[in-house]
Every structure is written in C-alpha cells, then in structure tokens.
Amino acid sequence: NFKFPSIGMNHALGSSVLLLTTCLDSAASLYTAVPPSPNPKSKVTKDFRIQLDELVELQRLDDGRAWFDVTTTSVLSSLNARSIRIVASQNHGVVESDDENSLASYINSNPSDIHDAISTWEKTGNSLTDNEPVSFTISSKKWDSFIIPELSATTTRRILTQQLVETFNWTLVRNSESPTYKFHLLLFESSVVLELVALDRPTGTNELPKPGFKRVESFALVKSLDIQPDDVVIDPMCGKGTFLIEAATIWPSAKYCGMDTSMDQLENAKENIEAAKVVVELESADARKLADWNDSSVDKIVCCPPFGRQFEKVSDSLYEDLMKEWSRVLKETGRMAILLDKGNVASMTEAIQNANCQVDQCRTPSFQLGNIRATILLASKRSNTSCEQKETEFGLLWWEKGNQRFGRSLWAAMRSEALPSLVPYSYKRRLIEKT
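Here goes a summary of the coordinates provided. Residue positions within a chain follow its written sequence, with the count starting from 1. It should be noted that, the model being predicted, local features are given only for residues of pLDDT at least 70 and side-chain atom pairs only at 80 or more, the latter also being counted only at that level, while totals for whole chains, interfaces and linings use all residues. As a rule here, side-chain values cover all heavy atoms of the structure and leave hydrogens and water aside.

**Quick notes on the nonpolar core**
Here, nonpolar core refers to any group of buried Ala, Val, Leu, Ile, Met, Phe, Trp, Tyr and Cys residues whose side-chain atoms link them within 4.5 Å. Relative accessibility thresholds used throughout: buried, under 20% of the residue-type maximum; exposed, over 50%; partly exposed, between the two (1.4 Å probe, protein chains only). If you look at the biggest cluster of nonpolar residues, it comprises 68 residues, and the most contacted ones within it are I234 and M323. Of all hydrophobic cores here, the second largest spans 47 residues; its members include L61, I84, I107 and Y181.

**Quick notes on the layout of surface pockets**
Of the pockets and cavities examined, the largest pocket occupies roughly 1000 Å³. Of the grid points, spaced at 1 Å and generated over the protein atoms alone, those admitting a 1.4 Å probe that cannot get out make up cavities, while open sets with protein on both sides within 12 Å along at least five of seven lines make up pockets; any residue with an atom within 4 Å of a point is treated as lining. Taken together, 38 residues form the lining of the largest pocket, with R85, S139, N175, K182 and N206 sitting closest to its centre. To qualify as a helix, a DSSP run of H or I must reach at least 4 residues; to qualify as a strand, a run of E must reach at least 2; elements of each kind are numbered from the N terminus. The set of elements that each furnish at least two residues to the lining of the largest pocket consists of strand 6 (83-91), strand 7 (135-142), strand 9 (181-188), strand 10 (191-200), helix 7 (263-276) and helix 12 (425-434). When residues are grouped by polarity, Ala, Val, Leu, Ile, Met, Phe, Trp, Tyr, Cys and Pro land in nonpolar, Asp, Glu, Lys and Arg in charged, and all others, Gly among them, in polar. Residues of the lining of the largest pocket, tallied by class, amount to 12 nonpolar, 12 polar and 14 charged. Grid points are joined across faces, edges and corners, and a volume is the space filled by probe spheres set on the points.

**So, unusual backbone geometry**
Cis geometry marks the peptide bond from T364 to P365; its omega dihedral reads 5 degrees. Although it is not a glycine, N169 adopts a positive phi angle of roughly 60 degrees. The phi angle at S296 is positive, at roughly 50 degrees, despite the residue not being glycine. Counting through the fold element by element, S296 comes out in the loop between strand 13 (281-284) and strand 14 (298-303).

**A closer look at the packing of helix 9 (residues 318-329) against helix 10 (residues 345-354)**
Only the stretch in contact is used when fitting a helix axis, every axis being a line fitted to C-alpha atoms; angles between N-to-C directions are given from 0 to 180 degrees. The geometry of helix 9 relative to helix 10 is characterised by a closest axis approach of 8 Å and an angle of 40 degrees between their N-to-C directions. The handedness of the crossing between helix 9 and helix 10 is right-handed. Residues Y319, E320 and M323 of helix 9 touch helix 10, and the partners they reach there are S347, M348, E350, A351, I352 and N354. Classifying every residue of the contact of helix 9 with helix 10 by side-chain character gives five nonpolar, two polar and two charged. By the definition used in this description, the sense in which the near helix is turned from the far one sets the handedness, with an anticlockwise turn below a right angle giving left-handed and a clockwise turn giving right-handed. Note on definitions: a residue-residue contact is assigned when non-hydrogen atoms from the two residues lie within 4.5 Å.

**Overview of the pattern of salt bridges**
Salt bridge, as used here: a side-chain nitrogen of Lys or Arg that lies within 4 Å of a carboxyl oxygen of Asp or Glu. Evaluation of the coordinates by the stated rule reveals 18 salt bridges. Two residues, R288 and D286, come together in a salt bridge whose shortest N-O distance is 3.2 Å. The class of R288 is partly exposed, set by a relative accessible area of 31%. One continuous salt-bridge network, built from bridges that share partners, spans R60, D62 and E189.

**Some details on the packing of aromatic side chains**
Here a Phe, Tyr or Trp ring, Trp counted by its six-membered ring, pairs with any other such ring whose centre lies within 6.5 Å, and the pair is stacked when the planes are under 30 degrees apart, edge-to-face when over 60, and tilted otherwise. Applying the stated criterion across every chain, the model contains 13 aromatic pairs. Centroid distance W170 to Y181: 5.2 Å. Interplanar angle 55 degrees. Geometry classified as tilted. Of this pair, W170 sits in the loop between helix 4 (153-168) and strand 8 (171-172) while Y181 sits in strand 9, and the two are 11 residues apart along the sequence.

**Topic: the state of the cysteines**
By convention in this document, the label disulfide applies to cysteine sulfur atom pairs within 2.5 Å. Tallying each qualifying case throughout the model produces zero disulfides. C303 provides the cysteine sulfur closest to C304, a residue in no disulfide bond, and the two sulfurs are 6.8 Å apart. A relative accessible area of 16% means that C304 is categorised as buried.

Structure representation (structure tokens):
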C-alpha cells in the first residue's frame, strides 16, 4: 500500500508533483475529501484548506481532492467538503504499457483492502439494514495528469465492476437506485484509486445534470426571499428548476412548486430534482394564468422572466400580465425575488407597481451573468392602507450588508455555510428512500 507524504502550509493549491512513498498503513486508513468548490483560488477552498490543517493530518491537496488521515472519525462530519471517502484500494505504479484490464486488476488484486475499507466505513456511522441485499455502483474520472491519456476510465470501470461482482457477489445497480456501497474510480498521474463514499451531503449540492443557472447565483436569489418553514414557494416559469432546487436543498421544510408551459423543460426539471434528491412539485401551467392557484395562496415567488430577445418574441404586455397574476396569488405578507437584465428594470418596475405591488429593493451594482448585466428585484404587496409607492432602495441586498466579502465571493461563502452538514452515506440512502 502507498501513502502520500505530508505537505507544508505554503504548498500551492493544485500542485501535484509529489513523490509517492511506501508505508505500512492500510489503504483503509487514508481518506479523501472533495473540496467545496472546483476553483482552487476561491475563498471557500482556501478556508477549507485552513480547516484541513486544523482538524486532520493532511497528506496532499489537489484541485479536486484532499488526501488525509484522522485520529478520530468524529471530525469528519465537520469538514466543509462535498463528500468524504475512504481509499478502498490503490496502486501508484501504473506504467505506459498498462491497459484497462491491468488497471482494474490492480484495484481488485487485494480484496482484503476493500473489506478493510468497509470496516472503516462502518466506523464512520454507516450500517446495513437487516437482510439487505448488498448492491453497489461505481463512477469514474480520469484527470488530465494521467500518464496514459488514451486509456478509458469508463472501460476500466466496466471491467472492474464485473470483477467486483465475481469477487464479492454484489449486485450492480444504478446510482439512482440508492446502492449499498458507492465507489468512485480515479485515474491520475501514475495512480489508480478506488474510493468508497463514507459521508455525503443529504441532498445534491453540486451542479445539476441539466444545467440552468449556476447554483451560487440561484442561492443569492432564493436567499433574498427569507424562506420560512411551511412557506409555499413557486416559480411560475421554472425552466430546469434551478431556483427551487437550490431553495429546497437549504430550506427543505418549505413547500415548492415549479410551473412551465414547456414539457421538455419540465422533464429537465424532473431530472434535476431527482439528481438533487429534493422535493419539488411540477405543473404544466401558463405563468399568466395560474388557474389552479387561489387568491393569496403563495408566500414567496422566485423567477427569471424572459428578457432581451426572449421578451420581444413573447408579448409586449408580458410583464404586465405576469405581475397582475402573481399579485393575485401572492399573500399580503408575501415577497417576490426576480432575476432580470439591467435593461428591463424600468419595464418590470412599472408592471410591478401597476399590479398593486412595490419594488422594495433593486440590487446595485448589477453583476455579470453570461453576456448580460443582471440584477435582482425584491417586491411585495402594497399595503391596503397606503396609496403611495414606497421608495425603492438601491444597493446591496439586505443579507449582503455588513460583510467584508462582496458579490460571488460572499454568495459562495454563505452558501457553503448554509448547506446541510455531511451525514453517513447509509443515512442519506434511507432519507432518499423515505422521500
């Protein structure tokens, strides 16, 4: 078995030119963590590095993985990682003459290492249910640093999968079927490593299979709604469901429903919801005619209505039609958060005001979103006792104020803090099955 040497605090993030040394420790005593952000220069990743130095015995840090030992497993759940894994089997002697069969055989050559990893997996709070048939799945990834670029990680995974079925008599299932054991095969430099997921987020926190808006921008938008338990939150033009999925990830006790007129978009949203392991209902509906929704039945509305060329193709009165209907279903104490391009702020503001609502806040400065400058409007029902419009506040969003960080750096840091803590993988499985 092999183990990475320790690295100093001043070792640059992303550097992976390290010599590998042989040691006597079992592979199962080595853990890996997936950093909270794929960007090694982000503040979240740098904070994660500091946390690792304080809580674990860090062996190595790459852009996509931290390798470490721990003296007690109790610290694992406090790490701000996307997941914690156990090194179940590893080989660091891959040579250019190797093929996919030999890579798979390297991993499967010592079944006792995988048994040891499963024992460690149980010590991290995981367990099997009574009379449960053992199933597994393997994902795979080949980093650019792998010394044999023409070899396929997918082919290696398929060969290894068959070998593990024959060796352990486990049943191969899809990841969506909540397997007993979740493995990941990693190829990099001259190494092939099999990881066993020990702790994971209870919901999916990564980018979605059908990408829409990035999750950090989605967080900024839904954070502005101040979602409370049992709130009814809708997105009348949900598209791929990104906003509601982000909200349901962090505030799961509210009730969420997304609508769209496009069945293709609703199918995309359904796939994303399943991948994120959250509860969001979907409906086929026109955002201008929410016939199934009663007056004053919604607490929060989040949306990114069409703008630019999209807006021109729909209707000149689109914003007026949307706001009239959304005002009808919104409770007197409700709130709307709208993501919009800077050029249509005036048109949307007028539509909001004409629908007996008011723009409470317009985020300034605007921020770059793809090729456009975007902003966030926060709106609410106008008080029945007041005929005057409240003056719109321009500046940072109410929850951004008083922080040293700014913009996406702040959004990413606050999102990282708000995400649900790591839980044993088997506990996550039961939550998914219950849902």
